[in-house]
Amino acid sequence: MNELDDFLTGTGLVAANIGRQWTPLTGGISSDIWRVDLSDGRSLCVKRALPKLKVAVEWWAPVSRNAFEWAWMRFAAGVVPGAVPTPLACDQRAGLFAMEFLPPHDHPQWKQQLLDGRVEPATAAAVGDTVGALHAASAQHADLERAFDTGQSFHAIRLEPYLLAAGRRHPALAQRLEALVKRTAATRIALVHGDVSPKNILVGPKGPVMLDAECAWYGDPAFDVAFCLNHLLLKCLPRPREAGALRRAFDAFVAAYFARAAAFEPRQALEARAARLLPALLLARIDGKSPVEYVTEEGDRERVRSVAVPLIRSAPTRLAEVADCWHVQFQPPGA
C-alpha cells in the first residue's frame, strides 16, 4: 500500500500522521478500488485503472482512461451537483484518483435493487434526466471535444469487445455491426459516459449518483441511451415477474432523457441511432467479451439472440420497437 499511502499524502489529501485502513472493494473488472478509513473519521475511495481487465478472454485497455474518468467526474459535478461522488484528488502519472466514499446503507446500487425485484420507474426517470442533462450541457462544446478525444480508448473498451466481438460470433451480422461501429465512432455530438449501467449507478437520497466513467468519450450520446436501456431489457430474464415494471422503467427513462435531449438534437435522429445500437448491445452482452453474469442458461441466451438478430437486420428507428419485440416473450398467456 506504499504507493497508495504516498498518493494520499503527496496530494495533501491526508496528513502523514493520520492512520489509514485499506479495504479492497469488489464489483469492477477494469480497476482496483479501495475504501480507506482514516483515523480522523473520514472515509475515502481510491481508484486505479488496470491495463488488463478481469474477464475470461484477453482484454487490454489504456490506463490513461483513469485521468479521463477524473475529468468527466469534475465536469459532471459542475453540471448536476450530487450526480457523482465528490472528486477529491488525482495523480495522473500514477493513474490514481480519490473521491468521496458513499455509504451503501443510503446509496444502494441500482443493479441490486433491480435484481431484488425493486423496480421503480421514478428511478429510471431520474437516471434518464441526469444523463440527458449531462449530454445537453456538453453538446457542441469544442473545448470538451478536444479534451475528450478518446476514440481509440473507446474503441478498445467498448466498440471492439462488444460489437465487433459479437460480429465474430455471428459472421452473417459482422458487416452490419462493423458499419454500426464506424457510424458510432464518427459521430461527435456530446460527452459520453460510456458505461451507464445499473451497476454503476447508486440510488442516493437526492437522486442517482453515477460511477465508473472510464470510457468517457466525446462522441455519440445515443450510445449511453442504448447501453442503459439494454440492462432494463436484460433484467427481465432473471426477474420475469417484474417485466411489466421494467418496461415502465424503460419508457420512463426514454421520456425523461428526450425531454432534455431536445435542447441539442432532434429526437428522430438521436433515437434512430440509439434504436439501432440497442439490439446490437443486447447481442453483445451474450456473445461479446463481457457477457452479463446473470444470464446463465443457454435457453435464455437463445431468447436474446432470437430477438436481437432480426432487429439488427431490420435496423429499427424507434426504441419502443425494440422494447415491444423484446417484451412479447414476457406477456402472460392470452394477453
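Everything numeric in this text was worked out from a predicted model, so none of it was measured.

1. Description of the side chain of T123
Here's step 1: Here T123 shows up in helix 4 (residues 121-138).
Here's step 2: Not counting chain neighbours up to four residues away, the residues in contact with T123 comprise W110 and V203.

2. Comments concerning the pairing of strand 7 (residues 201-204)
Remember that side chains alternate between the two faces of the sheet whenever the strand is regular.
Here's step 1: Burial of the side chains of strand 7 extends over both faces: I201 and V203 are buried on one face and L202 and G204 on the other.
Here's step 2: Direction of pairing for strand 7 relative to strand 8 (residues 207-210): antiparallel, over a ladder of four bridges. Of the residues in strand 8, the one forming a bridge with G204 is G207.
Here's step 3: The antiparallel hairpin formed by strand 7 and strand 8 contains two residues in its connecting segment.

3. A few points about empty space enclosed by the protein
Here's step 1: Applying the stated criterion across every chain yields a total of one cavity of 30 Å³ or more.
Here's step 2: Approximately 30 Å³ is the volume found for the largest cavity.
Here's step 3: Around the largest cavity, the lining residues are W72, V131, L134, H135, L191, H193, V196, M210 and D224.
Here's step 4: For the lining of the largest cavity, the element with the highest residue contribution is helix 4, accounting for three residues.
Here's step 5: Split by residue class, the lining of the largest cavity holds six nonpolar, two polar and one charged.

4. Considering the pattern of salt bridges
Here's step 1: All chains considered together, the criterion is met by 28 salt bridges.
Here's step 2: The salt bridge partner of D143 is R146, with a shortest N-O separation of 2.3 Å. In this pair, D143 and R146 are both assigned in helix 5 (residues 142-147), three residues apart and thus about one turn of the helix distant.
Here's step 3: For D143, a relative accessible area of 48% gives the class partly exposed.

What counts and how
- Residues numbered from 1 in each chain as written.
- Predicted model: local features only at pLDDT ≥ 70, side-chain atom pairs only at ≥ 80, totals over all residues.
- Heavy atoms only, no water.
- Helix = DSSP H or I, 4+ residues; strand = E, 2+ residues; numbered from the N terminus.
- Contact = heavy atoms within 4.5 Å.
- Buried < 20%, exposed > 50% of the residue type's maximum accessible area, 1.4 Å probe, protein only.
- Pairing = 2+ DSSP bridges.
- 1 Å grid on protein atoms, 1.4 Å probe; cavity = no way out; pocket = protein on both sides within 12 Å on 5 of 7 lines; lining within 4 Å.
- Points joined across faces, edges and corners; volume = space filled by probe spheres on them.
- Nonpolar A, V, L, I, M, F, W, Y, C, P; charged D, E, K, R; others polar.
- Salt bridge = Lys/Arg side-chain N within 4 Å of Asp/Glu carboxyl O.

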